[in-house]
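Examining the three-dimensional arrangement
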Amino acid sequence: MTEHWINVADAEREGLEKLEQGPRDYFAGGAGDEVTLRESVSAWGRWRLRPRVLNDVREVSTRAEVLGGPVEAPVLVAPVAYQRMAHPDGERAMAAGAAAVGTAMCLSTLSTTRPAEVAAAAPNGRHWFQLYAFKDAGVTRALMEEAIAANFEAVVVTADAPPGGNRERDRRNRFTLPKELGTPSLSAAVGGGRALTIEETFALMNHALAWTDVGDLASECSVPVLVKGVLTAEDAELALAHGAAGIVVSNHGGRQLDRSLATADALPEIAEAVEGRGALLVDGGIRRGVDVATAIALGADAVFVGRPALWGLAAAGADGVERVLGLLGQELELALGLLGCTSVSQLTRAHLRRAPAASVYSV
Ligand SMILES: Cc1cc2nc3c(=O)[nH]c(=O)nc-3n(C[C@H](O)[C@H](O)[C@H](O)COP(=O)(O)O)c2cc1C
């Protein structure tokens, strides 16, 4: 029963209520003083919309192309670790919810479900795989190959971790993963089969990953490779120079470097640098259809949502994911019509203006 949700905040309230304090703070929290966590949401509200009126908007479509394939709306599901801690159906429900609204889901390396099971849960869905690089290159390759063998369409290399951020809520809670929860693909790749703790997992990761490694991955990999966690035009240039097919502007949902830029503030310089030379996605703090419209008008091809989909999952499984993504799609459709646009491709910088400082509100 999710019909009574009229916005993402409704799903958030119910999702949070369902979770125990440890998992709730793990999912909701950020790094340090959580400045970036909060600002990632409020920064979208520093843009104001310039609607054009008296256009024929009887037929409005939110459909878009991302990495050469269609989505019903440019709102994709971000990679989020340990989803069976939010709901027993975990990543399978997330994939089913995403497929039900015709969008793509990116599966985390720290998935509690193997890629083939995710694909089987949503056979018509589009799936990407988020990759953390491990010190043992064989582990990295095994994870990537398992996902590609399950028909995953793209590999998204996360560049803003390790090391893991200073998550003080987790430290205060002495948070540990539930004993029964594992990351089966990672355990299989590492060998031994035992479930790994979060600390053990981060310790196994490659803290020396370099642009040349991205170049090697991109040239070896049979599917497009994107780099996630870029916040500057300089790094966007390097990603493209090393063969990335796209970039995800992200601060990891405020979980890594506190006081790093809000993505709404980083996106303009990156869009200018990329200039259509690769796919451009952005995530962090997207909670409204007008946030999606703002991101597209600033030059993104699509957005990822992390926590909104997770709240839907925690509250109501696949139905909750479908409802949250559906609400964002409906809000985007309405925003397009009211902006005088019949498609997302008509959104441009001319639809935006910086909000006067005095009108900035916090969400
Ligand atoms: C609980 C949680 C776990 C996450 N796990 C991963 C992960 O395993 N890999 C990754 O690249 N990003 C991970 N992220 C970051 C998300 O992919 C995304 O960048 C972020 O959630 C976007 O912000 P939003 O939650 O405000 O939408 C995680 C985020 C959250 C909230």
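The structure reproduced in this document is the subject of the present report. These numbers were taken from a predicted model, which means no experiment stands behind them.

**Section: the environment of Leu336**
Mapping Leu336 onto the fold places it in helix 14 (residues 307–339). Classification of Leu336 by relative accessible area gives buried; the value is 0%. Taking C-alpha positions, Leu336 is 45 Å from Leu196, a pair spaced 140 residues apart along the chain. For Leu336, the residues in contact, after removing those within four places along its chain, are Val60, Ser61, Thr62, Cys341, Ser343, Val344 and Leu347.

**Thoughts on the nonpolar core**
Nonpolar side chains tend to gather and get buried jointly when the protein is soluble and globular. Of all hydrophobic cores here, the largest spans 118 residues; its most connected members are Trp128, Ile247 and Leu281. In terms of residue count, helix 14 provides more of this core than any other element does, 14 residues in total. Each residue touching Ile247, except ones within four places of it in the same chain, is listed here: Leu226, Val227, Val230, Ala236, Ala239, Leu240, Ile270, Val274, Ala279, Leu280 and Leu281.

**Details of the site of the ligand**
In the neighbourhood of the ligand, 23 residues make up the surrounding shell, with Pro79, Ser108, Thr158, Asp283 and Gly285 lying closest. Between the ligand and His252 there is a distance of 3.3 Å, counted from a nitrogen atom to a side-chain nitrogen or oxygen. Note that an oxygen atom of the ligand is positioned 2.9 Å from one of the side-chain N or O atoms of Arg287. The class makeup of the residues in the shell around the ligand is 9 nonpolar, 9 polar and 5 charged.

**Here's the deal with the environment of Gly276**
Summarising the element assignment, Gly276 is placed in the loop between helix 12 (263–274) and strand 10 (279–283). Judged by its relative accessible area of 74%, Gly276 falls in the exposed class. Along the sequence, Gly276 and Trp128 sit 148 residues apart, while their C-alpha atoms lie 21 Å from each other.

**Re the packing of helix 13 (residues 289–297) against helix 14**
Between helix 13 and helix 14, the least distance of the axes is 7 Å, while the angle of their chain directions is 60 degrees. Classified by the angle between their axes, helix 13 and helix 14 sit oblique to one another. Here the hand of the crossing between helix 13 and helix 14 comes out right-handed. Contact with helix 13, carried on its side by Gly289, Val290, Val292 and Ala293, involves Leu328, Glu331, Leu332, Ala335 and Leu339 of helix 14 and no other residues of that element.

**Remarks on the pairing of strand 8 (residues 225–230)**
Burial analysis of strand 8 places 6 of its 6 residues in the buried class, the great majority of the element. With 4 bridges connecting them, strand 7 (residues 155–158) and strand 8 associate as parallel partners. Its bridge partner lying in strand 8, Val155 is registered against Val225. When strand 8 meets strand 9 (residues 246–249), the two strands line up parallel, connected through 4 bridges.

**Details of the packing of helix 11 (residues 233–241) against helix 12**
Between helix 11 and helix 12, the shortest axis-to-axis distance is 8 Å and the interhelical angle comes to 35 degrees. The handedness of the crossing between helix 11 and helix 12 comes out as right-handed. Only Glu269, Ile270, Ala273 and Val274 of helix 12 make contact with helix 11, whose side of the interface consists of Ala233, Glu234, Ala236, Glu237 and Leu240. Within the contact of helix 11 with helix 12, the residues separate by chemical class into 6 nonpolar, no polar and 3 charged.

**Topic: unusual backbone geometry**
The amide bond that connects Ala161 to the next residue, Pro162, takes the cis arrangement and shows omega of -5 degrees. Mapped onto the elements of the fold, Pro162 is located in the loop between strand 7 and helix 7 (168–173). Omega for the peptide link from Pro162 to Pro163 comes to -5 degrees, which places this bond in the cis form. Relative to the assigned elements, Pro163 resides in the loop between strand 7 and helix 7. Although it is not a glycine, His252 adopts a positive phi angle of roughly 65 degrees.

**Here we look at helix 3 (residues 35–42)**
Considered for burial, the residues of helix 3 that qualify are Thr36, Leu37, Ser40, Val41 and Ser42. In the core, the buried residues of helix 3 are packed alongside helix 2 (21–28), helix 7 and helix 14.

**Focus: the pairing of strand 11 (residues 302–305)**
Side chains Ala302 and Phe304 of strand 11 all project onto a buried face; the interleaved residues Val303 and Val305 project onto the opposite face, where all are buried too. The sheet contact formed by strand 4 (residues 75–77) and strand 11 spans 3 bridges and is parallel. Along strand 11, the bridge assignment pairs Val77 with Val305. Across 3 bridges, the pairing between strand 10 and strand 11 is parallel. Opposite Leu281, over in strand 11, you have Ala302 as the bridge partner. Taking the sense of rotation as the criterion, the β-α-β connection linking strand 10, helix 13 and strand 11 turns out right-handed.

The rules behind each value
Residues numbered from 1 in each chain as written. Predicted model: local features only at pLDDT ≥ 70, side-chain atom pairs only at ≥ 80, totals over all residues. Heavy atoms only, no water. Helix = DSSP H or I, 4+ residues; strand = E, 2+ residues; numbered from the N terminus. Buried < 20%, exposed > 50% of the residue type's maximum accessible area, 1.4 Å probe, protein only. Contact = heavy atoms within 4.5 Å. Core = buried A, V, L, I, M, F, W, Y, C linked by side-chain atoms within 4.5 Å. Near = heavy atom within 4 Å. Polar contact = N/O pair within 3.5 Å; in protein donor to acceptor, adjacent residues only side chain to side chain. Nonpolar A, V, L, I, M, F, W, Y, C, P; charged D, E, K, R; others polar. Axes fitted to C-alpha atoms, helices over the stretch in contact; angles between N-to-C directions. Parallel < 35°, antiparallel > 145°, perpendicular 65-115°, else oblique. Left-handed = near helix turned anticlockwise from the far one by under 90°. Pairing = 2+ DSSP bridges. Right-handed = clockwise from strand over helix to strand, strands pointing away.

Worth remembering: the numbers are spatial, not functional.
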